[in-house]
Amino acid sequence: MSVLVNKNSKIIVQGFTGSEGTFHASQMIEYGTNVVGGVTPGKGGTLHLDRPVFNTVKDAVKTAGADTSIIFVPPAFAADAIMEAADAGIKVIICITEGIPVADMIKAYDFIQGKDCRLVGPNCPGVITPGEAKVGIMPGFVFKKGNVGIVSKSGTLTYEAADQVVKQGLGITTAIGIGGDPIIGTTTKQAVELLMNDPETECIIMIGEIGGQLEADAAHWIKADGNRKPVVGFIAGETAPKGRTMGHAGAIVGGADDTAEAKKRIMRECGIHVVDSPAEIGKKVKEIMG
């Protein structure tokens, strides 16, 4: 079992023929991901990376049976790309684009509420189920198959956690990079919930950062759910100055509960195994899983 993407996912790349889309689609194909084509308006009917190019997502769904999309569309047009994918019946939409205007994301977020789809991102590294599908920009060689799920707001810390888990002789079921923007499709809680309900995932790593309520919401849900599976938590941004946006657009401390310290306290109170340094993540998982 895996969550969101697997070897049967039929993936299209929106922004397929652009430089980012081309580079990352090549890497995904090389990894063995089932990329069935891509979308670039005006280039429909051509071939790119030996895959068909479609003018619209609807065409890709109709012709290639696409059910998953990854978006490498410039910020000004990315929200429209999300809405187009949702409207065409794509079930899993993964948006990599960084810098989408908040007003555009509000519109896209509202639009997808009525649709049967799940958005991951924007401004995220994507989702990987090792050995089956890499739908994102993560270095695939770092990830090996196993029983640990990862949910992370940070791209680089996702890879760091996976690397540590693998070096401890363990592996990953699915890693989900949810993105660090103020408005994202899948929250920490929703991603944790997917992994809690995945029979193969035995332990979950939850990586958060300063700003917002996502980690606190997830921690309270984990406790209310009865702490079914052990969760190892880390919050980035301990030394960040208050009131300044750090790295991600959503990483800004607005209140007392937004700080790294407060989030870690809440997580500990909810039974999560919190580590104070990302360097301790792998060891803690190994200790818990024995």
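Residues numbered from 1 in each chain as written. Predicted model: local features only at pLDDT ≥ 70, side-chain atom pairs only at ≥ 80, totals over all residues. Heavy atoms only, no water.

The name given to the protein in an unreviewed UniProt entry is Succinate--CoA ligase [ADP-forming] subunit alpha, with the source organism recorded as Flavobacterium bernardetii. Entered under Subunit (unreviewed entry) in the UniProt record, the comment concerning the protein runs "Heterotetramer of two alpha and two beta subunits." (UniProt positions renumbered as here; feature names shortened; annotations may be inferred.)

Along the protein, the regular secondary structure elements total nine helices and 14 strands. By the compact-globule yardstick of 19 Å for 290 residues, the protein fits well, its C-alpha radius of gyration being 18 Å. In the protein, the proportion of contacts linking residues at least 24 apart, taken out of those at least 6 apart, comes to 72%. Separation between the mean location of the 28 positive side-chain charges and that of the 32 negative ones in the protein comes to 3 Å. (Helix = DSSP H or I, 4+ residues; strand = E, 2+ residues; numbered from the N terminus. Rg over C-alpha atoms; globule rule 2.2 N^0.38 Å. Contact = heavy atoms within 4.5 Å. Lys, Arg positive; Asp, Glu negative; His and termini not counted. Charge placed at Lys NZ, Arg CZ, Asp CG, Glu CD.)

Moving on: the environment of I137. If you trace the backbone, I137 turns up in the loop between β9 (133-136) and β10 (145-152). Along the backbone, I137 and C203 are 66 residues apart, and their C-alpha atoms lie at a distance of 24 Å. Setting aside residues up to four positions removed in sequence, I137 forms contacts with H24, F72, I96, C124, P125 and Y159.

The next point concerns the sheet that holds strand β6 (residues 92-95). Strand pairs in the sheet, formed through backbone hydrogen bonds, run parallel or antiparallel to each other. As summarised here, the arrangement of the seven strands in space is β3-β4-β2-β1-β5-β6-β7, forming an open sheet in which the pairing is mixed. Sheet topology places β3 (47-48) and β7 (118-120) at the edges, where each strand pairs with a single neighbour. Sheet topology note: the β6/β7 ladder contains three bridges and is parallel. What sits directly across from I93, in β7, is L119. (Pairing = 2+ DSSP bridges.)

Turning next to the sheet that holds strand β14 (residues 273-274). Read across the open sheet, the seven strands follow the order β9-β8-β11-β10-β12-β13-β14; overall the sheet is mixed. The strands lining the two open edges of the sheet, one partner per strand, are β9 and β14. Bridging between β10 and strand β11 (residues 172-177) involves five bridges; their strand directions are parallel. Each residue of the ladder has a partner; that of V151, found in β11, is I176. Of the strands in this sheet, β8 (126-129) and β9 touch helix α1 (residues 19-31), which is tilted by about 170° from β9. (Axes fitted to C-alpha atoms, helices over the stretch in contact; angles between N-to-C directions.)

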